[in-house]
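# Residue-level structure breakdown
Each chain, letter by letter, is given below.
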Amino acid sequence: NGKLTVSASNVLIEGIKFKATVSDLKTVSFTGASQNIVFKNCIFDGSLYTDVSDPQYQGSVFFHGTNFSGSFVLENCEIRGYTSWMLADLTTDSATPTVALSTVEIKDCRFIDCKGSFACRGLTATPTEIVSIVGNTWEYSTLTATSMHPSFWNCFEANNSKEVVCRYNKAVCTRLGG
């Protein structure tokens, strides 16, 4: 229930449902240097946090990666109801990364009613070995002009990586009014 704050390395989280409360701006965040995390068969629900007055994020954030580096796996998870323009940033608070990602795998996940973008940013000097985004769906209960945040730029962003594999994904989205 609620949020997950991590200060550890080599973490496996499996089969847990996180339902952020009305005061949980960020569902997953890091309080100290942390590396290598795996999420399997989890549900992340950010729909109860409805405050859009936060000047930086303007809504709920799934994954806030400041203090995180190394490998990231998100497999067979459901992510729903997040309202910020930043759904996830694996290494920062949406800035130029200062730490390296080694590998990223986002596989067979459902993103439902998420208004923001998911960023996987590697370092220019030490690029990510591979970013693999395979078999995911991005959908909305009702597709309207406000289904996505006005600052939404992509379902997924991957840069500074030696290899990017993006296939068998399905997105039904709109940019109306954005």
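Remember, it's a predicted structure, so these values are computed and weren't measured experimentally. (Residues numbered from 1 in each chain as written. Predicted model: local features only at pLDDT ≥ 70, side-chain atom pairs only at ≥ 80, totals over all residues. Heavy atoms only, no water.)

Helix and strand counts for the chain come out as 0 helices and 18 strands. Its C-alpha atoms give the chain a radius of gyration of 15 Å, within 12% of the compact-globule value 16 Å for 178 residues. Based on the C-alpha atoms only, the size of the chain along its principal axes is roughly 40 × 30 × 30 Å. Looking at the 178 residues of the chain, the share that counts as buried comes to 48%. (Helix = DSSP H or I, 4+ residues; strand = E, 2+ residues; numbered from the N terminus. Rg over C-alpha atoms; globule rule 2.2 N^0.38 Å. Buried < 20%, exposed > 50% of the residue type's maximum accessible area, 1.4 Å probe, protein only.)

Turning next to unusual backbone geometry. Non-glycine residue Asn 36 carries a positive phi angle of around 65 degrees. Inspection of the secondary structure puts Asn 36 in strand β5 (residues 34-40). Even without a glycine there, the phi angle at Tyr 168 is positive, about 60 degrees. Position of Tyr 168 among the secondary structure elements: in the loop between β17 (164-167) and β18 (170-171).

Right, let's talk about the state of the cysteines for a bit. Tallying each qualifying case throughout the model produces 0 disulfides. Of all cysteine sulfurs, the one in Cys 166 lies closest to Cys 120, which takes part in no disulfide; the gap is 9.8 Å. Relative accessible area serves as the criterion here: at 1%, Cys 120 is assigned to the buried category. Overall, Cys 166 belongs to the exposed group, its relative accessible area being 51%. (Disulfide = S-S within 2.5 Å.)

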